[in-house]
Amino acid sequence: RKYGTHQYKIYKTTSAELGMLGVGIGLYFEYLKIMTRYFLVMSAMAIPSIYINLSGAAYATRDDIQLMIKASLGNIGNGVSTQIMLANFGPNLQVYPDVQTVSLVLACLDCAICLVWIVGTWRLKIFQEQAMVEIDEDTITAADYTVLVEQIPSDALDLEEFKAFFSRYGEVADVAIGLNNGKLIDLFQQRGQRDMDIEVQIAMLKLKKLQTLQKNLKKMRKKQKRLDDRIMQLRSKVDFKSVCAYVTFNEDKGQQECLESYSHSIFTRLRGGTKTKRFRGRTSLRVTSAPEPSNILWENLQHRGFDTFQRTMFVYIIMIFMLVLSLMSILFISILKALYFIDGVSLVCRVAGPNMEGATIENDIIWSKYDPKWNNPAGIFQAFLECYCGPPPTGSNQLLAEPEFCAEYVLNQFRVMLLELAAIGIVLIFNAGLVEVAKITATWTKPHTISSLETQTAILIFIAQYINTGILILITQTDIAHFDSFDIIPPGLLPGTMKDTDSQWYAIVGSIIVSQSISAALVPNLVQVAKWPKEFLKTYLLKNRQYTQRQLNRLFEGSEIELSKRYGAMLNITFVILTYSPGIPVMYFFGIVFYVSAYWCDKICLLKACKKPPQYDQKLALLTTNLMSLGMAIHLMFSVFFFGYPDARTFPIPLLSGSNIPDLIRGKVNREPSAAVFFVLLTYVGIELAGRTFAPPLLKSLYKRFAAEEEEIKEGNPTFFEAQDNQEISGLDTYNIKKNPRYRDAFSSDIVEVDDDGGSDESEVDDFGLDDDDSD
């Protein structure tokens, strides 16, 4: 609800208003709108390419090819004489170029589209930076005053020691120390869940008064008592160590000076570096900007270094195992389909088919199943059946005349249709399974913040779905051994036969990719908007079956919007489009379908079916924008390969002569269209490397030098204590774990604590890494 009273309207609510729910939400919806505009422009620019491809002759005699594949680069073919009218200035001046010119024109059109994407991505980065600056100026958070201090000594538990050390940068308002007490926090979270279960059991007992409920309640309380014993034993026996500290300054100027003092950028080192005093005279600290207090996962702070690396590798092994299962399923479907279907039936009927008007036509078709001259006699038999029973122009349309003989043909058509649906269904099922596995396994990596957890989940979902949707089908259909110059892969390991992106590749692989891309563009958004009726039915049917107010509140809260899943689906379809759009330009229109439907489906879901989302930061939006640069690099690399197939003039590149590059790749790059794209790729990679290394610090340094007077005019934030007293701080104003809503249930009830035997005083922290203000 808007301002707690009026409902947000679906059509009138703007992205700026949605940004009131968090900077991450606002950036997400702005991202959808901006990407819709970019794909509209790129789709319009792809129309000439589609027209040229449709004018090709490679599929002129094939009636079994989809229209979208006829609009692909495969229709140009290799050396096919096309009749493409590029210009019409009257009956005496019409331009009909050859294939060599056509392929170069298509490559240039693709480069123009790439330029739009590159400029759009850079503009998007500028927009996001401006939006974050505006939001940061309008809001005050505890993180504006706080730094995260890592690599501290394990026995550094004295808060006053940290205050004294960092007071050189300004007055220190607060210090909170994180400990290696993740197991203890997990136990307290389990105890909080047990408290809620007992609360429900007591409410049920008051209503029903059954003996079994009383027994269950006693069992639950015994389990809770055992859990309390474990908590007290752990707190009394374990000597917790410090792993990090959150130092909050009273003025944001102190935070900025501290961060600049511990900066390790290239230009800081070139200027002579910064002289920072070592903690206790011997320990070098690592100081960075602190996350928001509500964004910290305190139970994971102890997991660092090699432990995190091991967990991450284990998670990726699980995802690889899931992808291998998907690959095996796709291979199984492909082998089954090969038994009942041969691509290019119309060509088979004309070249190798029996005489359809012969007296022994039916016997010839039946005996083709046992003819040893065919590599796939079962598939040839089904192809001949289609030639005889199928509708024109492919077949002779004998289905009605010979229904009994053609019954096998009807059954086979139904069988092939089911296999095609199964192939798409397997990809969708594994995509859904990969999402759930990614959500579970991402928590195993033990990220330190909720934003890092969401980012890790989005990356896992994106990588897994992209490979499952766009790469596995490429692997299964490709003759991998043909591209193996070092004879590493044994021949026959995979059943693929494609050696190049020729017309047959587009007819088989391209059609599958198009089908899977359509489902990837629509299904995630339809599932998202389906949450609206689902939540309505759920609340309507279960509202009278809740036993506690807490249960009823959770029922009406709604579901999570889960931005990590949405960004994962967005990256998946975008990368699939960028990968194959050089050869199939009609795929740019799939981007319009996805982003338009995603904008409205997500808006409906957020306003009608989801609870108020957490305060997502900008990390997911920035990650997505940075990954778009990788997507363009993949697009250009595939463009080099795609445009290296059509017949074109050679353009030898001196850089590649005498190199160890395989002859297959060198032969493609040395063709005129591929060479043009290759030079664009090299230029783009150079600009991106500069933009990610020395260029930003250099430009920032120059900007600061010329804009110094303007920066002096800017007003700073009030002091931390003033903002805290005036309640100007957005979100949590303390790094106290007990005041964090995420852990509120865990510490909602008291437990008998075991006193520390070291005589702790007010300057020490307790077992939860609380600050010295937590005396209540």
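Residues numbered from 1 in each chain as written. Predicted model: local features only at pLDDT ≥ 70, side-chain atom pairs only at ≥ 80, totals over all residues. Heavy atoms only, no water.

A.B. asks: Is there a simple way to think about the overall build of the protein chain in this case?
C.D. replies: A count of helical and extended segments in the protein chain gives 27 helices and six strands. Within the protein chain, the fraction of its 776 residues that count as buried is 46%. Residue pairs at least 24 apart in sequence account for 78% of intrachain contacts in the protein chain once pairs closer than 6 positions are excluded. (Helix = DSSP H or I, 4+ residues; strand = E, 2+ residues; numbered from the N terminus. Buried < 20%, exposed > 50% of the residue type's maximum accessible area, 1.4 Å probe, protein only. Contact = heavy atoms within 4.5 Å.)

A.B. asks: Would you explain the confidence of the model for the protein chain in this entry?
C.D. replies: In regions of low pLDDT, the predicted coordinates are not meant to be interpreted in detail. Put simply, the protein chain has an average pLDDT of 80, and 82% of its residues get 70 or more. Long-range and interchain partners of residues 708–714, a stretch whose pLDDT sits below 50, account for two contacts in this model, where long-range means more than four residues apart. Low confidence marks residues 752–765, where pLDDT is under 50. Its contacts with residues over four positions away, or in another chain, come to 15 contacts. (pLDDT = per-residue confidence, 0-100.)

A.B. asks: What is the right way to read the nonpolar core from this model?
C.D. replies: The tendency in soluble globular proteins is for nonpolar side chains to be buried as a group. Ile-25, Met-35, Phe-39, Trp-505 and Tyr-580 are the most contacted members of the largest nonpolar core, which has 103 residues in total. In terms of residue count, helix H2 (residues 23–54) provides more of this core than any other element does, 15 residues in total. Leaving out residues up to four positions away in the same chain, Phe-39 has contacts with Trp-117, Thr-574, Ile-577, Tyr-588, Gly-591, Ile-592 and Tyr-595. (Core = buried A, V, L, I, M, F, W, Y, C linked by side-chain atoms within 4.5 Å.)

A.B. asks: Mind showing me how you'd approach helix H14 (residues 407–444) here?
C.D. replies: One turn of an α-helix holds 3.6 residues; hence residues three or four places apart share an orientation. With 38 residues, H14 extends 55 Å from end C-alpha to end C-alpha; this agrees with the ideal 56 Å at 1.5 Å per step. Among the residues trailing H14, Lys-446 stands out with phi positive, at a value near 55°. (Expected span 1.5 Å × (residues − 1).)

A.B. asks: Would you mind going over a nonpolar patch on the surface with me for this structure?
C.D. replies: A cluster of nonpolar residues, Ile-320, Phe-321, Val-324, Leu-325 and Met-328, forms a patch on the protein surface that exposes about 470 Å² of accessible area. Mapped onto the fold, Leu-325 is located in helix H10 (residues 306–340). Classification of Leu-325 as partly exposed rests on a relative accessible area of 31%. (Patch = residues over 30% accessible without salt bridge, like charges linked within 9 Å, V, L, I, M, F, W, Y side chains within 5 Å. Areas by Shrake-Rupley, 256 points an atom, 1.4 Å probe, with all protein chains shown as cover. Salt bridge = Lys/Arg side-chain N within 4 Å of Asp/Glu carboxyl O.)

A.B. asks: Help me out: how do you make sense of the packing of helix H15 (residues 450–477) against helix H20 (residues 563–580) in this one?
C.D. replies: When two helices pack together, their arrangement is given by the angle between the helix axes and the distance between those axes. It is at 8 Å that the axes of H15 and H20 come closest, and there the two elements cross at 35°. Seen along the crossing, H15 lies across H20 with a hand that is right-handed. Here Glu-454, Thr-457, Ala-458, Ile-461, Phe-462, Gln-465, Tyr-466, Thr-469, Gly-470, Ile-471 and Leu-474 of H15 come into contact with H20, specifically with Leu-563, Ser-564, Lys-565, Tyr-567, Gly-568, Ala-569, Leu-571, Asn-572, Phe-575, Val-576, Thr-579 and Tyr-580. Residues of the contact of H15 with H20, tallied by class, amount to 13 nonpolar, eight polar and two charged. (Axes fitted to C-alpha atoms, helices over the stretch in contact; angles between N-to-C directions. Left-handed = near helix turned anticlockwise from the far one by under 90°. Nonpolar A, V, L, I, M, F, W, Y, C, P; charged D, E, K, R; others polar.)

A.B. asks: Mind showing me how you'd approach the sheet that holds strand S3 (residues 146–150) here?
C.D. replies: Note: strands within a sheet are paired through backbone hydrogen bonds, in either parallel or antiparallel orientation. The strand order across the open sheet built from four strands is S4-S5-S3-S6, with neighbouring strands paired in antiparallel fashion. Each edge of the open sheet is held by one strand with a lone partner, namely strand S4 (172–179) and strand S6 (286–289). If you compare each strand with its neighbour and ignore which way they point, the axes differ by 25° on average. Relative to strand S5 (residues 242–249), S4 runs antiparallel, the two being bridged by seven bridges. When the bridges of S5 are listed, Asp-174 appears paired with Thr-248. Packing of helix H5 (residues 159–166) onto the sheet brings it into contact with S3, S4, S5 and S6, and relative to S4 it is tilted by some 130°. (Pairing = 2+ DSSP bridges.)

A.B. asks: Just checking my understanding: could you explain the pattern of salt bridges for this structure?
C.D. replies: Pairing of side chains with opposite charge becomes possible as their charged atoms draw close. Tallied over the full model, the rule gives 16 salt bridges. Notably, a salt bridge pairs Arg-191 with Asp-195, separated by 3.2 Å at the nearest N-O pair. With Arg-191 and Asp-195 both in helix H6 (residues 182–208) and four residues apart, the pair spans about one turn of that helix. For the pair shown, Arg-191 and Asp-195 are each scored as buried. In this structure, the salt-bridge partner of Asp-307 is Arg-311, at a minimum N-O distance of 3.5 Å. One end of the pair is Asp-307 and the other is Arg-311, both in helix H10 and four residues apart, which spans about a single turn. Owing to a relative accessible area of 27%, Asp-307 belongs among the partly exposed residues under this scheme.

A.B. asks: Please explain the packing of helix H13 (residues 377–389) against H14 as it appears in this structure.
C.D. replies: Two elements in contact, H13 and H14, have axes whose closest approach is 10 Å; the angle formed by their N-to-C orientations is 115°. Here H13 is positioned roughly perpendicular relative to H14, judged by the angle of their axes. When the axes of H13 and H14 are compared, the crossing they make is left-handed. Taking contact as the criterion, the partners of Phe-381, Gln-382, Leu-385, Glu-386 and Cys-389 in H13 are, on H14, Glu-408, Tyr-409, Asn-412, Gln-413 and Arg-415. (Parallel < 35°, antiparallel > 145°, perpendicular 65-115°, else oblique.)

A.B. asks: How should unusual backbone geometry be read in this particular structure?
C.D. replies: Excluding glycine, most residues fall at negative phi; most peptide bonds, likewise, are trans. Residue Arg-280 is not a glycine yet carries a positive backbone phi of 60°. Note on placement: Arg-280 falls in the loop between helix H9 (266–270) and S6.

A.B. asks: Would you take a moment to explain the state of the cysteines for this structure?
C.D. replies: Two cysteines, two sulfur atoms, one covalent bond between them: this is a disulfide. Taken as a whole, this structure holds one disulfide when the rule is applied. Each sulfur of the disulfide joining Cys-389 and Cys-406 lies 2.1 Å from the other. Its torsion about the S-S bond being -80°, the disulfide of Cys-389 and Cys-406 is classed as left-handed. Residue Cys-389 is located in helix H13, and its partner Cys-406 is located in the loop between H13 and H14; the two are separated by 17 residues in the primary sequence. Here Cys-389 matches Cys-406 in class, with each residue buried. Just so you know, Cys-108 is unpaired, no disulfide at all, and the nearest cysteine sulfur is the one on Cys-111, 6.2 Å from it. Using a relative accessible area of 42% as the deciding quantity, one classes Cys-108 as partly exposed. The thiol sulfur of Cys-610 is not disulfide-bonded, and the nearest other cysteine sulfur, from Cys-605, lies at 3.2 Å. Here Cys-610 falls in the buried class, since its relative accessible area comes to 11%. (Disulfide = S-S within 2.5 Å.)

A.B. asks: Would you mind going over the environment of Ile-34 with me for this structure?
C.D. replies: Position of Ile-34 relative to the elements: it lies in helix H2. Considered as a pair, Ile-34 and Tyr-595 are 561 residues apart in the sequence and their alpha carbons are 9.2 Å apart.

A.B. asks: How should a negative patch on the surface be read in this particular structure?
C.D. replies: The grouping of Glu-171, Glu-251, Glu-722, Asp-725 and Glu-728 at the surface amounts to a negative patch. Secondary-structure assignment places Glu-171 in the loop between H5 and S4. (Lys, Arg positive; Asp, Glu negative; His and termini not counted. Charge placed at Lys NZ, Arg CZ, Asp CG, Glu CD.)

A.B. asks: What exactly am I supposed to notice about the packing of aromatic side chains here?
C.D. replies: The description of an aromatic ring pair uses the distance of the two centres, along with the angle that the planes make with each other. With the rule as written, the count across this model stands at 30 aromatic pairs. Among the aromatic residues, ring-to-ring pairing joins Tyr-11, Tyr-28, Phe-29, Tyr-567, Tyr-599 and Trp-600 into one connected group. Sitting over the face of the ring of Phe-165, Arg-168 holds its NZ or CZ atom 4.5 Å from the ring centroid. (Phe/Tyr/Trp six-rings, centres within 6.5 Å; stacked < 30°, edge-to-face > 60°. Lys NZ or Arg CZ within 6 Å of the ring centre and 35° of its normal.)

A.B. asks: So what exactly am I meant to see when it comes to the side chain of Gln-128 here?
C.D. replies: Within the element layout of this structure, Gln-128 appears in helix H4 (residues 99–138). Here Gln-128 falls in the buried class, since its relative accessible area comes to 2%. At 2.9 Å, the side chain of Gln-128 forms a polar contact with the side chain of Thr-625. (Polar contact = N/O pair within 3.5 Å; in protein donor to acceptor, adjacent residues only side chain to side chain.)

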